[in-house]
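# Coordinate inspection notes
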2 protein chains.
Amino acid sequence: MAVHVLAVLAYKEGDRVTSKFLAGSVNTNPVIVRRLLLSLQKARLVETCKGAGAGSRLSRSPRRINLAEVYRSVEDTESFASPARKPNADCPVGHCILEALSRLFASAQQAMEQDLARTTLADVLAAVKVSEECAGKKAP
Amino acid sequence: MAVHVLAVLAYKEGDRVTSKFLAGSVNTNPVIVRRLLLSLQKARLVETCKGAGAGSRLSRSPRRINLAEVYRSVEDTESFASPARKPNADCPVGHCILEALSRLFASAQQAMEQDLARTTLADVLAAVKVSEECAGKKAP
DNA sequence: ACAGATGTAATCATTCAGATTACTTAATGG
DNA sequence: CCATTAAGTAATCTGAATGATTACATCTGT
């Protein structure tokens, strides 16, 4: 949803876009979009103005926003969650398994983010425009 | 939880271990463990026998089980879920965003699995044993 | 001042993983 | 051979998380 919203903002090339409009593209409620935009604001990915005729826009070129930044701005919790109940500390395995796994999972998550970092919002936008051209050719 | 269970089986070095015992280490219900073991059986990671004196054990050496296999045996759904509501197909971005993202997310997930594949169950077991030694030194 | 937009709180709905109980099925030991 | 032990499995419950909805306060440009 975050990538979708940012892609729309990139598509609009700096024009201010309202949460209502974004919600229409994502097919959700404007309040959900506004909550998402708050996270993106904190990460300095978008700038939002209040009041009449206002809305949001990207704070940088799509070329300079990669998907790892987007991921981190939105996902506060870790991908690999700890279990709700603590393992049995009397068992030699249960005693230390969380400690061991947290290192491994942090590494796996970092690998994932490094892969996401290879793609920028400009790449996503380009894919959108290609798809748009194809649709235009099919039904001119 | 899957890694935890497999680590206990590795620690027990081929002895048959009951779901009740495993549940005691994980601190959960034996039924939960049995459901998990069904997935691990399908992936040929463990062998389970029914009846008195029965239980589960690894079907291979811990050296030859890596965490990507474990991940895939347990996680049937994709890490990056599609949104509950379909994006607005009338919007040029909404029309194609899922298609574009599915490729990117598949790549990110593959990167994560490749990182997990670098670690074997034997590595996890070694970490457990190191931790065990330290605990023994502290309180001999 | 007012219209249009965001910020934000409160509440509801849905989904999902795990928890629990209960019952059936199978294999082993005496 | 049968009593015991443990897995397979179904049904139901709970709690957490995410998104949906409604309502209202606040800000800002015309």
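Before any of the text, the structure's been laid out above.
The structure contained in this document is the topic of the report that follows. Bear in mind the structure is a predicted one, so any value in this text is a computation, not a measurement.

Cut-offs applied
Residue positions are given per chain, counting from 1 as you read along its sequence in written order. Written order determines the labels here, with chains lettered from A and ligands numbered from 1. For this predicted model, a pLDDT threshold of at least 70 governs which residues receive local features, and a threshold of 80 or more governs which side-chain atom pairs are given and counted, while totals over whole chains, interfaces and linings are taken from all residues. Values shown for side chains rest on all heavy atoms present in the structure; no hydrogens or waters enter the calculation. By the criteria applied, helices consist of DSSP H or I runs no shorter than four residues and strands consist of E runs no shorter than two, each listed in order from the N terminus. Neighbouring residues are identified by heavy atoms, a residue being near a molecule or strand if any of them is within 4 Å of it. Polar contacts, as used here, are pairs of N or O atoms within 3.5 Å; protein pairs need one atom able to donate a hydrogen and one able to accept it. Residues neighboring in sequence count only if both atoms are side-chain atoms. Just so you know the grouping, Ala, Val, Leu, Ile, Met, Phe, Trp, Tyr, Cys and Pro go in nonpolar, Asp, Glu, Lys and Arg go in charged, and all remaining residues, Gly too, go in polar. Pairing of aromatic rings covers Phe, Tyr and Trp, the last counted by its six-membered ring, and requires centre-to-centre distances within 6.5 Å; plane angles under 30 degrees mean stacked, over 60 mean edge-to-face, and any other angle means tilted. Only protein chains enter the accessibility calculation, which uses a 1.4 Å probe; a residue whose area is less than 20% of its type maximum is buried, one above 50% is exposed, and one in between is partly exposed.

Moving on, we come to the environment of Met-1 of chain A. Within the secondary structure, Met-1 of chain A is located in the segment before α1 (2–11). Measuring from C-alpha to C-alpha, the distance between Met-1 of chain A and Val-33 of chain A comes to 8.6 Å, with 32 residues separating the pair along the chain.

Quick look at the protein's contact with DNA strand D now. Near DNA strand D, the surroundings consist of 22 residues, among which Thr-28 and Val-31 of chain A together with Ser-19, Arg-34 and Ala-52 of chain B are the closest. Backbone atoms, meaning sugar plus phosphate, form 63% of the atoms of DNA strand D positioned within 4 Å of the protein. Backbone polar atom of Gly-51 of chain B to a sugar or linking oxygen of DNA strand D: 3.3 Å apart, as the coordinates give it. Within the contact set of DNA strand D, a sugar or linking oxygen lies 3.2 Å away from a side-chain nitrogen or oxygen of Arg-85 of chain B. Listing elements by their share of the surface near DNA strand D, those giving two or more residues are α3 (30–42) of chain A together with α3 (30–42) and β1 (46–49) of chain B. The biggest single contributor to the surface near DNA strand D is α3 of chain B, with 5 residues. For the surface near DNA strand D, the class distribution of residues is 7 nonpolar, 9 polar and 6 charged.

Right, let's talk about the packing of aromatic side chains for a bit. All names here are of chain A. Counting across every chain of the model gives 2 aromatic pairs over all chains. Ring centres of Phe-80 and Phe-105 lie 4.1 Å apart, and the angle between their planes is 15 degrees; this geometry places the pair in the stacked category. Pair noted here: Phe-80 is in the loop between α4 (67–74) and α5 (92–116) and Phe-105 is in helix α5, with a separation of 25 residues, a long-range link. With respect to burial, Phe-80 and Phe-105 carry one shared label: buried.

Okay, the protein's contact with DNA strand C next. Around DNA strand C lies a shell of 23 residues, among which Ser-19, Arg-34 and Arg-85 of chain A together with Thr-28 and Val-31 of chain B are the nearest. Near-protein atoms of DNA strand C (within 4 Å) split between backbone and bases, with sugar and phosphate holding 61%. For DNA strand C, a phosphate oxygen lies 2.6 Å from a polar atom in the side chain of Ser-19 of chain A. At 3.2 Å, a side-chain N or O of Arg-35 of chain B approaches a base nitrogen of DNA strand C. The set of elements that each furnish at least two residues to the surface near DNA strand C consists of α3 and β1 (46–49) of chain A together with α3 of chain B. In terms of residue count, the dominant contributor to the surface near DNA strand C is α3 of chain A (5 residues). A class-by-class count of the residues in the surface near DNA strand C yields 8 nonpolar, 9 polar and 6 charged.

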